[in-house]
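# Structural features, examined
Chain by chain, the residues:
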Amino acid sequence: MSELSDKALKIRAERKKLKRELTVLPLFGLLYFTVCGGAFGTEGIIGYSGPGMALILLAITPILFSIPSMLMVREMSSLMPAEGGFYHWVKQAFGPFAGFIVAWMNLLTSWLDVSIYPVLAAYYMGFFLPALRVGTTIGELSISGKALSWLFSLILIWGIVYLQIRGARLTGLTADWLGLLMMIPLLIMSVFGIANWLRHGFDFSLPLLPEGETIWGAFSVGLFIAMWNYMGWELPSSAGGEIVNPRRTYPIAMALTLVATIFTYALPVSAGLFGGAGADGKYQLWGIEENEGGEGIGPTLEAYGIDSNQLQAWGIDPSRSIGWQYPDIAEEIGRVFDPSNPALSRMLGILVTFSAVLSMTGLFIGNSLGAGRLPYALAEDGMMPLWLVKTHPKYGTPYVAILIAGVLFSIFSLGTFAFLVVVDVFMDAIALLLQFLALWKLRFSHPNLPRDKVPGGWIGLALVTLGPTFVIGLAVFSQILEEGLSSLGMAFLMILVGAILYVPIRKWVKPGVPDVNPFVASEENDEE
């Protein structure tokens, strides 16, 4: 039997074990935590762009960016319902090299960026378990807070690895319950915030911009944050071979996610701003960070016209490294509701901190999905070692690839890699732009294949492409303007590493492995 037949038969045998079990609700849970994951992370758009600009951007970004991205994903996933999703989209449009580079960039950002969520979950959990921050002593053994925090991260990572191996459906349903539990504290906070506004009549008119900020500066920074909080629609397509009836399931799950995301952002932001945490200029504290390590937020806020006397009047320590996050906002809402009852303020802060732990856990679940599926899809296509296609005989998941991802997450969780944020943004932006270009290319190269096309013909396709292209271009331009072109050097280096790896993979790994036909479902591939 030839080498080609041996490898093809092994891949076919493993592919047959893969289970299609992601229905609407499980996929909704995964999508929600990929795109949104709670209101945490939106605080900065208020502090840096101003409340008026923030509310405008949170309203227009779904129209300008999310809905076009959803329509692109809808068409491409209906055209290619295969495991690997966007890898195959770009490969079929521009060839195997481009497809591999897109998958490589996604894997890098996943390993480096997604690993921070267990670390952040441990950080928030330190509010309840101080040992995670300051350490503890057991007998004569002294254990640092960093070591305990990493141990907590490992427990979280491997618990979710176990979930991933048990199946995408169980993982998605777990995400649904996490999302529900996470929203309850934010809803409670929002109820108190709305009650404050109704009782105290805080001015509904808030300033458009922060003091001293230009419209363009506020718009560009705010659009970047808003984009970051509305992107990721294509990522669950990496598990395309596990979605039941993807042409129906994926669009419904995306529509539910968009509604839930808008609600998740709009309610806590509005309740916080109009419920006391935005009054008298306090909105300026939201999400503000120190410019230089150790100097505190005092100098940052001085640039916006807020001096130390004002901070003292607000009870804010200017040496703290970051301004208000949602636990702080919840506490302020509680103080406004009943100044004589500090227990209420404390309770709201604790509840929202617990919500943050659940949010970070859910974000890790949603964003880690591709780290176990993309290697499987690449191996299935001959672009990674064959043993990565091993599928669990009982659960029908690519368990070897998931285990490898767990090991990498464990290693990278030792460091937060926050300095690579520019690299992550650039590579994600380039990958998404390539997917839109693939949408156009495949309209010309495969015009007759069935798909759920973007409505409106060629004009609709052009309009759908313009919004995300503008947002992506602005995000990259803003990074270069703020950080300089040299800040993208690491991104180009990482892409170069992928390009170098491509050569030996094509020469020694690919031979004997037939290309996957992504235009048909996985089970139809087995019949060819």
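Residues numbered from 1 in each chain as written. Predicted model: local features only at pLDDT ≥ 70, side-chain atom pairs only at ≥ 80, totals over all residues. Heavy atoms only, no water.

## Observations concerning a nonpolar patch on the surface
Where we set the bar: Distance thresholds for patches are 9 Å for like charges and 5 Å for nonpolar side chains (Val, Leu, Ile, Met, Phe, Trp, Tyr), applied to residues having over 30% relative accessible area and no salt bridge. Residue exposure ignores everything except the shown protein chains as possible cover, and the areas themselves are Shrake-Rupley values with a 1.4 Å probe. Criterion for a salt bridge: a side-chain nitrogen of Lys or Arg within 4 Å of a carboxyl oxygen of Asp or Glu. Labels follow the DSSP assignment, with helices taken as runs of H or I lasting at least four residues and strands as runs of E lasting at least two, numbered in each case from the N terminus.
Together, Met-490, Leu-493, Leu-496, Val-497, Ile-500 and Leu-501 give the surface a local cluster of nonpolar side chains, amounting to about 500 Å² of exposed area. With respect to the element layout, Ile-500 can be found in helix α20 (residues 489-509).

## Brief notes about the packing of aromatic side chains
The description of two aromatic rings rests on the distance between their centres and on the angle between their planes. Going by this rule: Between the rings of Phe, Tyr and Trp (Trp by its six-membered ring), a pair exists once the centres lie within 6.5 Å; its type follows the angle of the planes, with under 30 degrees stacked, over 60 edge-to-face, and the other angles tilted. For the exposure calls, accessible area comes from a 1.4 Å probe over protein chains only, and a residue counts as buried if that area is under 20% of its type's maximum, exposed if over 50%, partly exposed in between. Only when the NZ of Lys or the CZ of Arg is both within 6 Å of the ring centre and within 35 degrees of the ring normal is a charge said to sit over the ring.
By the definition in use, this model includes 17 aromatic pairs. Measuring from centroid to centroid gives 4.8 Å for Phe-192 and Phe-337, while their planes differ by 85°, and the two rings are edge-to-face. Of the two residues, Phe-192 is situated in helix α10 (residues 168-200) and Phe-337 in helix α15 (residues 326-337); the sequence distance between them amounts to 145 residues. For Phe-192, a relative accessible area of 18% gives the class buried. Of the residues examined, Phe-337 reaches a relative accessible area of 25% and is grouped as partly exposed. Ring geometry for Phe-444 and Trp-458: centres 5.1 Å apart, planes at 25°, overall stacked. Remark: Trp-458 occurs in helix α19 (residues 457-483) and Phe-444 occurs in helix α18 (residues 421-445); sequence separation between them is 14 residues. With a relative accessible area of 58%, Phe-444 lands in the exposed category. Relative accessible area serves as the criterion here: at 43%, Trp-458 is assigned to the partly exposed category. Members of the aromatic cluster, each reached through a chain of ring pairs, are Phe-28, Tyr-32 and Phe-33. A cation over a ring is seen here: Arg-133 above Tyr-123, with NZ or CZ 4.5 Å from the ring centre.

## Considering helix α11 (residues 215-228)
To keep things clear, this is the line we draw: Each residue after the first adds 1.5 Å to the expected span of a helix.
End to end, α11 covers 20 Å across 14 residues, agreeing with the expected 20 Å (1.5 Å per residue, within 8%). Among the residues of α11, Gly-217, Ala-218, Phe-219, Ser-220, Gly-222, Leu-223, Ile-225, Ala-226 and Met-227 are the ones counted as buried.

## Considering the environment of Ala-330
Rules: Should any heavy atoms of two residues lie within 4.5 Å, those residues are considered in contact.
With respect to the element layout, Ala-330 can be found in helix α15. Judged by relative accessible area, Ala-330 falls into the buried class, the value being 0%. As a C-alpha pair, Ala-330 and Phe-470 span 140 residues in sequence and 35 Å in three-dimensional space. For Ala-330, the contacting residues outside a window of four places in its chain are Met-189, Leu-348, Gly-349 and Val-352.

## As for the side chain of Ser-410
Going by this rule: Under the rule applied, a polar contact is a pair of N or O atoms within 3.5 Å (in protein, one hydrogen donor and one hydrogen acceptor; residues adjacent in sequence only if both atoms are side-chain atoms).
Mapped onto the fold, Ser-410 is located in helix α17 (residues 399-412). Among the residues examined, Ser-410 registers a relative accessible area of 8% and is labelled buried. From its side chain, Ser-410 meets the backbone oxygen of Gly-406 in a polar contact 2.8 Å long. For Ser-410, the residues in contact, after removing those within four places along its chain, are Trp-150, Leu-154, Ile-157 and Trp-158.

## Some remarks on unusual backbone geometry
The phi angle of most residues is negative, glycine excepted, and most peptide bonds adopt the trans form. A positive phi is found at Asn-245, a non-glycine position, where the angle reads about 45°. Mapped onto the elements, Asn-245 comes out in the loop between α11 and α12 (246-277). Positive phi values are uncommon outside glycine, yet Asp-280 reaches one of about 55°. Of note, Asp-280 is situated in the loop between α12 and α13 (298-302).

## Thoughts on the environment of Trp-458
On a C-alpha basis, the gap between Trp-458 and Val-503 in space is 37 Å, while along the polypeptide they are 45 residues apart. When near neighbours in sequence (up to four residues on either side) are disregarded, Trp-458 contacts Trp-440, Arg-443 and Phe-444.

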